[in-house]
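# Topology and contacts: notes
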Amino acid sequence: MFRYFAAALSGWLLLAPATSRAAVCSRADIAQAAAAIMPARAALTAFPIVDDADVSIPPPARSAISRMKTRLAALTEAYMRCAPLDIDPRVAQRELSALMGAGTPKTIDHYGQGIGIVVQRPDAHRMILQPGFAIKCANDDVTLVYAVENGQWRERLLIRNDGYKDPAGATDGLTVKLSAAESDGTWFAVATTVAPWCSSNWTDIRYAVYRPSGDPLKPHKLFGGNASFYRNDDTGKLTVGMRDFDLRFTAESIDSGLFSREWVRHYSVIGDTVRRIPPFADTPRDLVEEWIQSPWSDAQLWTLPASHLQAIHDKLHAKPYAEMLAVRVCRLGGWQVQIHHEEYDSDYFLTVDPAEGTNFTITDVSTSRNSHCAGKNLYDPNKPG
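Residues numbered from 1 in each chain as written. Predicted model: local features only at pLDDT ≥ 70, side-chain atom pairs only at ≥ 80, totals over all residues. Heavy atoms only, no water.

### With respect to the packing of aromatic side chains
Each aromatic ring pair is characterised by the separation of its centres together with the angle its planes make. This model, assessed by the stated rule, comprises 10 aromatic pairs. An angle of 70 degrees between the planes, with centres 6.0 Å apart, marks the rings of F229 and F249 as edge-to-face. In this pair, F229 is assigned in strand 9 (residues 220–230) and F249 in strand 11 (residues 244–252), connecting sequence segments 20 residues apart. Each of the two residues, F229 as well as F249, counts as buried. (Phe/Tyr/Trp six-rings, centres within 6.5 Å; stacked < 30°, edge-to-face > 60°. Helix = DSSP H or I, 4+ residues; strand = E, 2+ residues; numbered from the N terminus. Buried < 20%, exposed > 50% of the residue type's maximum accessible area, 1.4 Å probe, protein only.)

Okay, here's the thing in structure tokens:
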């Protein structure tokens, strides 16, 4: 299933068809856009959400989903053309909710139910508006980012996906956060979403970085990635700085005795270059897991240059499951993490040195314990962190 999500990543966050964005306030346009939602919603709610093994979305329902998102975006655009610069996001959310006929029924058994909108104002100059609704096994929405330019609200980014054949293509759990603006006014957006699925909490988390361009429908996509993810009503924790972002989420462990662990994805964003940087993990034990699970293109970022380490990494990475046995402090600094690999019927000892804080480095891997790392076993499987 995860291979499908990786392949689907290139289709995620597709851009909407071009629409008119004349920056002229018109109350009549708002009323007209609100009225246009009613027939689109009626067409969408004609499709029942059937609880069966077939997760595919019928082609007519796909078209109805797309039309509904277009109508929601059109209403949001008309509303923002009239919005005062000092608008309270709570007021915008309340007024737009009323205009689109929001209201969640006790049971959601048809497409298009649960319609609503979330409005955020991360700073005085930008707003994020996310209208959406329910589909099978998920929610889907449109994200519009507005910024104050020349004394008015202007749309800078529009994020949506259309044409997907099953719920995995929806923007469920979509989180969008914006960096602070640089001195020249440039900024970027980070978007994360969870690939929804009907029968399992194991899925993918997907993330992408965008900079606005002159056309909100064609932002510069700087970077995109995805990873295995255990949802369980979680959508990960995303923090965005001026020149970096940090994403944390729960995903599988290579240790059969441990269900999951926290994964860390920390990247710098300098200009149009996105690069993974420390921390790669928060503990020596988790760094060892990350090292084994990651492709060498990533793992080498926290590996001491040594000719033998890539060969060992590739061997362990090919069959990554192992049992964590011990974490011991080394007298000369750092730690040694001991694992048992059942497939190879061998113990491996991975030496981890700290550069600063959680900037750990794998400096050696061997099949014998370092005599300087023979102290008390600090690893507690009940408290693996």
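After that view of the structure, there is still more to cover.
### Digging into the state of the cysteines
Summed over all chains, the structure comprises 2 disulfides. Note on cysteine connectivity: C330 is disulfide-linked to C373, with sulfurs 2.0 Å apart. Linking C330 and C373, the disulfide has an S-S dihedral of approximately 105 degrees and is accordingly described as right-handed. Linking C330 in the loop between strand 14 (323–329) and strand 15 (335–341) with C373 in the segment after strand 17 (360–366), this pair joins segments that are 43 residues apart in sequence. For C330, a relative accessible area of 6% translates into the label buried. Taking relative accessible area as the criterion, C373 reaches 2% and is therefore assigned buried. (Disulfide = S-S within 2.5 Å.)

### Some remarks on the packing of helix 2 (residues 27–45) against helix 3 (residues 59–82)
It is at 9 Å that the axes of helix 2 and helix 3 come closest, and there the two elements cross at 165 degrees. Taken together, helix 2 and helix 3 sit at an angle that is classed as roughly antiparallel. Helix 3 is crossed by helix 2, and the crossing has left-handed handedness. When its residues are assigned to classes, the contact of helix 2 with helix 3 shows 19 nonpolar, no polar and 6 charged. (Axes fitted to C-alpha atoms, helices over the stretch in contact; angles between N-to-C directions. Parallel < 35°, antiparallel > 145°, perpendicular 65-115°, else oblique. Left-handed = near helix turned anticlockwise from the far one by under 90°. Nonpolar A, V, L, I, M, F, W, Y, C, P; charged D, E, K, R; others polar.)

### Remarks on the sheet that holds strand 17
Pairing between the strands of a sheet comes from backbone hydrogen bonds, and it takes one of two forms, parallel or antiparallel. Taken in spatial order, the 4 strands line up as 14-15-16-17 in an open sheet, and their pairing is antiparallel. Across the chains shown, the open sheet's two edge strands, defined by having one partner strand only, are strand 14 and strand 17. Pairs of neighbouring strands in the sheet enclose a mean axial angle of 25 degrees, with direction left out of account. Where strand 14 lies against strand 15, 6 bridges are found, and the strand directions are antiparallel. (Pairing = 2+ DSSP bridges.)

### Looking at unusual backbone geometry
In this structure, the amide linkage connecting P278 to the following residue, P279, adopts the cis form with an omega of 0 degrees. With respect to the helices and strands, the residue P279 is situated in the loop between strand 13 (273–276) and helix 5 (284–293). One non-glycine residue, C137, adopts positive backbone phi at about 65 degrees. Among the structural elements, C137 can be located in the loop between strand 2 (126–135) and strand 3 (138–141). Phi is positive for D345, which is not a glycine, with a value near 50 degrees. Tracing the backbone shows D345 in the loop between strand 15 and strand 16 (346–354). A relative accessible area of 61% places D345 in the exposed class.

### Here's the deal with the environment of G169
When you line up the elements, G169 lands in the loop between strand 5 (152–159) and strand 6 (175–178). On the basis of relative accessible area, G169 is assigned to the buried category, the value being 7%. Measuring from C-alpha to C-alpha, the distance between G169 and A195 comes to 6.6 Å, with 26 residues separating the pair along the chain. Among residues more than four places away in sequence, those in contact with G169 are N161, Y164 and R206. (Contact = heavy atoms within 4.5 Å.)

Purely geometric stuff here, so don't read any function into it on its own.
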